Structures are given as C-alpha cells and as structure tokens.
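Structural features, examined
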Amino acid sequence: QKEVEQNSGPLSVPEGAIASLNCTYSDRVSQSFFWYRQYSGKSPELIMSIYSNGDKEDGRFTAQLNKASQYVSLLIRDSQPSDSATYLCAVMTDKLIFGTGTRLQVFP
Amino acid sequence: EPEVTQTPSHQVTQMGQEVILRCVPISNHLYFYWYRQILGQKVEFLVSFYNNEISEKSEIFDDQFSVERPDGSNFTLKIRSTKLEDSAMYFCASTEVGDRYEQYFGPGTRLTVT
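This write-up is about the structure you can find in this document. None of these values were measured; they are calculated from a predicted model. (Residues numbered from 1 in each chain as written. Chains lettered and ligands numbered in written order. Predicted model: local features only at pLDDT ≥ 70, side-chain atom pairs only at ≥ 80, totals over all residues. Heavy atoms only, no water.)

1. Some details on the overall build of chain B
- Across its full length, chain B carries 0 helices and 11 strands.
- The order of helices and strands in chain B, counted from the N terminus, is β-β-β-β-β-β-β-β-β-β-β.
- Here the C-alpha atoms of chain B give a radius of gyration of 13 Å, agreeing with the 13 Å that 2.2 N^0.38 yields for 114 residues.
- Projected onto its principal axes, the C-alpha coordinates of chain B cover approximately 40 × 30 × 30 Å.
- When contacts within chain B are restricted to residue pairs at least 6 apart in sequence, long-range pairs at least 24 apart make up 55% of them.
- As displayed, chain B has an accessible area near 6000 Å², and 45% of this comes from carbon and sulfur atoms.
- Each charge class in chain B can be summarised by its mean position, and for the 10 positive and 16 negative side chains these summaries are 4 Å apart. (Helix = DSSP H or I, 4+ residues; strand = E, 2+ residues; numbered from the N terminus. Rg over C-alpha atoms; globule rule 2.2 N^0.38 Å. Contact = heavy atoms within 4.5 Å. Areas by Shrake-Rupley, 256 points an atom, 1.4 Å probe, with all protein chains shown as cover. Lys, Arg positive; Asp, Glu negative; His and termini not counted. Charge placed at Lys NZ, Arg CZ, Asp CG, Glu CD.)

Next up, the structure:
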C-alpha cells in the first residue's frame, strides 16, 4: 500500500514566523512531489511542485525534497493569517496519492 | 488564467438514482482525472483518462462508475446507482502533459445522496 504521511496538526504559528510542514512517503520510485493548499470547503490549489533533491523556492514558499529519506517539506516564510489552511502533500507514482493534510493556523 | 470548471456545484440525489457530474478541463490539457473527498478525509484518486480511454483507475472506481469525454470540451463522471457512501466532494483535475506535471483542480461538486 503506497502511503503519504503527514502530521494532521494543527500547527499554530504567529504571524511573521516560518511554518514548517513535513511529509513522508513509502514508494521509493516516486518521482514527482506536490504541495497543495486547501481552504475549508474548497478544492486543492497547487502551490509547489518539486522533482529533484534539494530546495526549490517560489516567493515565500520553499519546498525541500530528500529522496533517500523519502521526505518532502514545505517552508512558509513570513506566515500570514491568510495562509491558514490545510496543506496537502501529494506524491505521484502511477497516480497522485494525497496525505491527509496538515492544518496550519497563523495567528495575528 | 484558464481554470477547470465543474457543474453543478451541489447535487442532491436519492439512493439508487444515476448522477452525471460535469467538468470542463483547461483547454490545452490532455490528461483528465476525477478525485473524491469524503468529508474530513483525504483526497482519493478515482480515475485518469487520456486519449479517450481510461489509463488508471482505483479500486473505488467499480462498475457503478464510468467516465466519458462526449465532445471536445466536457469530461463527465457518471455514477449509475448512487449509494449513501457516495456522498462526497468530487473534484475534476487536468494536466498538460502526463503525470509528471502539475494537476489543476476544479472547484468540485458536492454530491449528497439521501
């Protein structure tokens, strides 16, 4: 059974802080990794993709991938209350498999 | 910016009835997907579709489900005889070129089976 694991949270951080979200996956042949943001009652919104080991930065977001450790993370710098949402890690094997998501709360 | 659209936004149906959920993928995308999310649970893959045929399907996607691209723009999911446990959000997604690339999701259809 191919799994994607995330801590369900909530992860609470103050406004302006760095939020760190983590994800592990079980299938070693996975090649594509994604972070989606999902607001309550809405659809997943793609915010980052990463395909090779190392860091990938896009604005306030940095995705990190370590295939040897089967670990993906997302850092959100200068967190804002509008970042409060559930963050879904998704891993592509023969299909896109989602984790259960980590709920992030950014308080003013 | 191009978006995936879905209709209806909310569908209420009685157990045993057939429902068709509709999606218009992004126009230059070639791969189409359906996912579902039961309230409070994870997003689950149902089926992927490319070149007018199913390329992958999950164990959830049994004989009660079917997909179709009836014309050049629409992509539909049909549930033949709905069960209470089919109540969920159904998301359509599309991607430009195969499964390495980013999938963009529509706003979803909330299906309520009574």
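2. Here we look at the pattern of salt bridges
All names here are of chain A.
- For the structure shown, the criterion picks out 5 salt bridges over all chains.
- Note that Asp 83 and Arg 60 form a salt bridge whose closest N and O atoms lie 2.9 Å from each other. Highlighted residues: Asp 83 in the loop between strand 8 (71–76) and strand 9 (85–92) and Arg 60 in the loop between strand 6 (54–58) and strand 7 (61–66), separated in sequence by 23 residues.
- Between Asp 94 and Lys 95 there is a salt bridge, with its nearest N and O atoms 3.8 Å apart. (Salt bridge = Lys/Arg side-chain N within 4 Å of Asp/Glu carboxyl O.)

3. Remarks on the interface of chain A and chain B
- At the interface, 20 residues of chain A touch 16 residues of chain B.
- Both sides together, the interface formed by chain A and chain B hides about 1600 Å², and carbon and sulfur atoms give 56% of it.
- Between the two partners, chain A and chain B, sit 5 residue pairs in polar contact (both at pLDDT 80 or more).
- Put simply, the parts of the chain that give the side of chain A that touches chain B at least two residues each are strand 4 (32–38), strand 5 (45–50), strand 9 and strand 10 (96–98) of chain A.
- By residue number, the principal contributor to the side of chain A that touches chain B is strand 4 of chain A, which donates 4 residues. (Buried area = accessible area lost by both parts, 1.4 Å probe. Polar contact = N/O pair within 3.5 Å; in protein donor to acceptor, adjacent residues only side chain to side chain.)

4. Let's talk about the sheet that holds strand 6 of chain A
- Pairing in this open sheet of 5 strands is antiparallel, and the strands run 1-3-8-7-6 (chain A) from one edge to the other. The open sheet is flanked by strand 1 (4–5) and strand 6 of chain A, the only strands paired with a single partner. (Pairing = 2+ DSSP bridges.)

5. So, unusual backbone geometry
- A cis geometry characterises the amide bond from Gly 9 of chain A onward to Pro 10 of chain A, with omega recorded as 10°.
- Of note, Pro 10 of chain A is situated in the loop between strand 1 and strand 2 (11–14).
- For the peptide bond that leads from Thr 7 of chain B to Pro 8 of chain B, omega is -10°, which places it in the cis range.
- Mapped onto the elements, Pro 8 of chain B comes out in the loop between strand 1 (5–7) and strand 2 (10–13).
- Of note in the backbone geometry, Asp 78 of chain A takes a positive phi value of approximately 50° without being a glycine.
- Tracing the chain through its elements places Asp 78 of chain A in the loop between strand 8 and strand 9.
- The class of Asp 78 of chain A is partly exposed, set by a relative accessible area of 40%.
- Its identity is not glycine, yet Asn 52 of chain B carries a phi of approximately 65°, on the positive side. (Buried < 20%, exposed > 50% of the residue type's maximum accessible area, 1.4 Å probe, protein only.)

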